[in-house]
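Take a look at the letters that make up each chain.
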Amino acid sequence: MANVPENLHYSKDHEWVRVEGDTAVIGITDHAQDQLGDVVYVELPRAGDEFVANEAFGSVESVKAVSEIFTPVSGKIAEANDSLTDEPEKVNKDPYGDGWMIKIKMSSPGEVDSLLTAAEYEDFTKAENE
Amino acid sequence: MTAPALKLKSTPLNSIHRKLGGRMVEFGGWDMPVQYAAGTVEEHVRTRKHAGLFDVSHMGEVDVRGPDAVAFVNGLVSNDASKLVDEQAQYSALTTPEGTVIDDLLVYRFAEDHLLLVVNAGTTDKDWDWISSHRENENIELRNVSDNYCQIALQGPDALGILQKLTRLPLSEVKYYHFREGEVDGVPAIVSRTGYTGEDGFEVYASPDKAEQLWNRTLDAGNFGADDGVLPCGLAARNTLRLEAGMCLYGHEIDETTTLLEANLGWITKLNKRDFIGRDRLLAQKQEGIGRKLVGFEVTDRGIARDAQDVLIDGQRVGRVTSGSPAPFLKKNIGMAYVPVEFANEGRAIEIDVRGRMVAAQIVPLPFYKRPKQ
């Protein structure tokens, strides 16, 4: 069973969001990395790039496939996890920790409220697999 | 995901794949494992270093018997089936009148009046219709026997040692692209020294009701579970292994729009043998020269080329990627593509349009990977 930490917010595109003040740390969920398989390449934006909620900010690739990654919240990129360039496997090993992808300075922090809770996300992935 | 229109076919190993944590996908109308718990990278590398076990029971088989068996088949395929001896296999292709490819296949000769054609899963019905529609008054018996066989492939440097534990057949005496009939774990089987990974290895054909026994016994004999033991491998590893080995995949490098000569398959195109379908066009193309050619490339930038992406040279869109992927053993991003023949030289810089970003690559010799000589 995939790990779904309580203290995070989740999107239906299988991203997680951790709120730190007005900054959102974003990555992909344990369920998402498991579905992808071995991550071999991650493409991320640069600091300063701006995105609106639900826009693709990068991509993550396994041997077999490419998946776009979407930001659940709007704002400006404060930092991207450039260590994933050389160690993309961190996304598989530690999706909620070292495998984080971007930190975004939120322009509309209220967007977080419309995301799923851990329990809701678990129900969502169960329903999706049926 | 859209629901498939038809019920998927399953091999006799379907429930075993699920027990082993296989992630099941649709492939050519079949419900097949794309990878198991270990993951594609580990499955691929383990096959190169030790051994991998593949369920290829979805492949189709056509049995041809009778005094005219060789002559009939030789009129349909590009390689020269008359050169086969008993217990030998040959890579070949079914060709259209235009010299393009209906399917690639293996032709096995059991006797001068008995051949077995092993064809791709997704093209089995098409091939059967094509082959049976070309029957005239030859003295042959033609049967689609796809349901009579399971097939498992054991590939890698440890394959011979593992399989030898289960059979009295002298496997080291079986030459590459030859086969024997005998018993594996007491089960009547065809044991063929062939494969689709670029490694030494064997493909074992047997009755479908023995598939689970053969699969489980092979995993046991190969110490499945140990760090250097055999691993079950899914379709994703099968694809990356064949790509590193520079082998064509039907529907990607070859199909009914590509000729054998464009696909570097001149070595299975015997224009001097008696007539076969498409020979005239292939002969003409050989004399006139091909317009485009299949090449291998290595991505030199960051980025991964994928199937169907455009190839650019000097800013012009000149070709298309047929297969593009990370290469787990070589640890490079590689691919194959058709480019105009005037650009098809090794070392040429090309670009791949990776979802709108131009990624630099370079044409390199095929195959990307060649196994070390024993």
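Residues numbered from 1 in each chain as written. Chains lettered and ligands numbered in written order. Predicted model: local features only at pLDDT ≥ 70, side-chain atom pairs only at ≥ 80, totals over all residues.

Attention now goes to the overall build of chain B. Helix and strand counts for chain B stand at eight helices and 19 strands. Against the globule reference of 21 Å for 374 residues, chain B gives a C-alpha radius of gyration of 21 Å, in line with a compact fold. With respect to the principal axes defined by its C-alpha atoms, chain B has extents near 60 × 55 × 45 Å. Put simply, chain B has 374 residues, and 47% of those count as buried. Long-range pairs, those at least 24 residues apart, make up 65% of the contacts in chain B with a sequence separation of at least 6. (Helix = DSSP H or I, 4+ residues; strand = E, 2+ residues; numbered from the N terminus. Rg over C-alpha atoms; globule rule 2.2 N^0.38 Å. Buried ≥ 20, exposed ≤ 12 C-beta atoms within 10 Å, placed from the backbone. Contact = placed C-beta atoms within 7 Å.)

It is worth spelling out the interface of chain B and chain A at this point. On the chain A side, the residues contacting the twelve residues of chain B number eight residues. Every element with two or more residues in the side of chain B that touches chain A is listed here: strand 2 (30-35), helix 2 (40-49), helix 7 (235-244) and strand 16 (316-327) of chain B. Partitioned by chemical class, the residues of the side of chain B that touches chain A number six nonpolar, five polar and one charged. (Nonpolar A, V, L, I, M, F, W, Y, C, P; charged D, E, K, R; others polar.)

All names here are of chain B. Domain boundaries assigned for chain B yield domain 1 (14-57 + 149-244), domain 2 (60-147) and domain 3 (266-364). For domain 1 and domain 2, the distance between their C-alpha centres works out to 24 Å. Between domain 1 and domain 2, the contact holds ten residues from the first and eleven residues from the second. (Domains from an automatic or database assignment.)

Before going further, it helps to examine the environment of D147 of chain B. Residue and element names in this part refer to chain B. Counting through the fold element by element, D147 comes out in the loop between strand 8 (141-144) and strand 9 (150-155). For D147, a count of 11 C-beta atoms within 10 Å corresponds to the exposed category. In this structure the C-alpha to C-alpha distance between D147 and H58, which are 89 residues apart in sequence, comes to 9.1 Å.

To continue, consider the sheet that holds strand 3 (residues 52-55) of chain B. Through backbone hydrogen bonds, the strands of a sheet pair up, either in parallel or in antiparallel fashion. Residue and element names in this part refer to chain B. Here we have six strands laid out as an open sheet, ordered 10-11-12-9-3-13, and mixed in their pairing. Whereas interior strands pair on both sides, the edge strands pair on one side only; in this sheet they are strand 10 (179-184) and strand 13 (231-232). Bridge count for strand 3 against strand 9 is four bridges, and the pairing is antiparallel. Bridge pairing links D55 to I152 in strand 9. (Pairing = 2+ DSSP bridges.)

All names here are of chain B. A cis amide bond, omega -5°, links L366 with the succeeding residue P367. Position of P367 among the secondary structure elements: in the segment after strand 19 (357-364). For N264, which is not glycine, the phi dihedral falls at a positive 60°. Following the sequence through the fold, N264 ends up in the loop between helix 7 and helix 8 (279-288).

Looking now at the sheet that holds strand 8 of chain B. All names here are of chain B. If you walk across this open sheet you meet the five strands as 5-6-7-4-8, and the pairing is antiparallel. The sheet is open, and its two edges are formed by strand 5 (88-95) and strand 8, each paired on a single side. Each adjacent strand pair in this sheet contributes to an overall mean axis angle of 25°, direction not counted. Bridging between strand 4 (residues 60-65) and strand 7 (residues 114-119) involves six bridges; their strand directions are antiparallel. Residue pairing in the sheet places D63 in a bridge with L116 of strand 7. (Axes fitted to C-alpha atoms, helices over the stretch in contact; angles between N-to-C directions.)

Here the focus is the environment of T269 of chain B. Residue and element names in this part refer to chain B. Summarising the element assignment, T269 is placed in the loop between helix 7 and helix 8. On the basis of neighbour counts, which here come to 26 C-beta atoms within 10 Å, the residue T269 falls in the buried class. Each C-alpha atom, one on T269 and one on F27, is 28 Å from the other, the two residues being 242 residues apart in sequence. Among residues more than four places away in sequence, those in contact with T269 are S78, L260, L261 and L282.

Residue and element names in this part refer to chain B. At a minimum axis distance of 9 Å, the contact between helix 2 and helix 7 shows a crossing angle of 50°. What the angle tells us is that helix 2 and helix 7 run oblique. Seen along the crossing, helix 2 lies across helix 7 with a hand that is right-handed. For the pair helix 2 and helix 7, contact is made by T40, E43, H44 and T47 and by A236, A237, T240 and L241, respectively. Among the residues forming the contact of helix 2 with helix 7, the class breakdown is three nonpolar, four polar and one charged. (Parallel < 35°, antiparallel > 145°, perpendicular 65-115°, else oblique. Left-handed = near helix turned anticlockwise from the far one by under 90°.)

Take the nonpolar core next. One finds V73, V107, L115, L117 and I152 of chain B to be the most contacted residues of the largest nonpolar core, which totals 128 residues. When residues no more than four places from it in sequence are discounted, the contact partners of V107 of chain B are V73, V77, A81, L84, A89, Q90, S92, L115 and L117 of chain B. (Core = buried A, V, L, I, M, F, W, Y, C linked by C-beta atoms within 7 Å.)

A few words on helix 2 of chain B. It helps to recall that an α-helix has 3.6 residues per turn; residues three or four apart then point in one direction. Residue and element names in this part refer to chain B. Within helix 2, seven of the ten residues are buried, which leaves the element mostly enclosed by the surrounding structure. Residues T40, V41, E43, H44, R46, T47 and R48 constitute the buried set of helix 2. Summarising the contacts, the buried residues of helix 2 are in contact with strand 2, strand 3, strand 9, strand 13 and helix 7.

Residues and elements named next belong to chain A. Bridge analysis of strand 2 (residues 15-20) against strand 3 (residues 23-28) gives six bridges, and the strand direction is antiparallel. Bridging across to strand 3, R18 finds its partner in V25. The hairpin formed by strand 2 and strand 3 contains two residues between the paired strands, and G21 there has a positive phi angle of roughly 65°. Relative to strand 9 (residues 102-106), strand 3 is paired through four bridges, and the arrangement is antiparallel.

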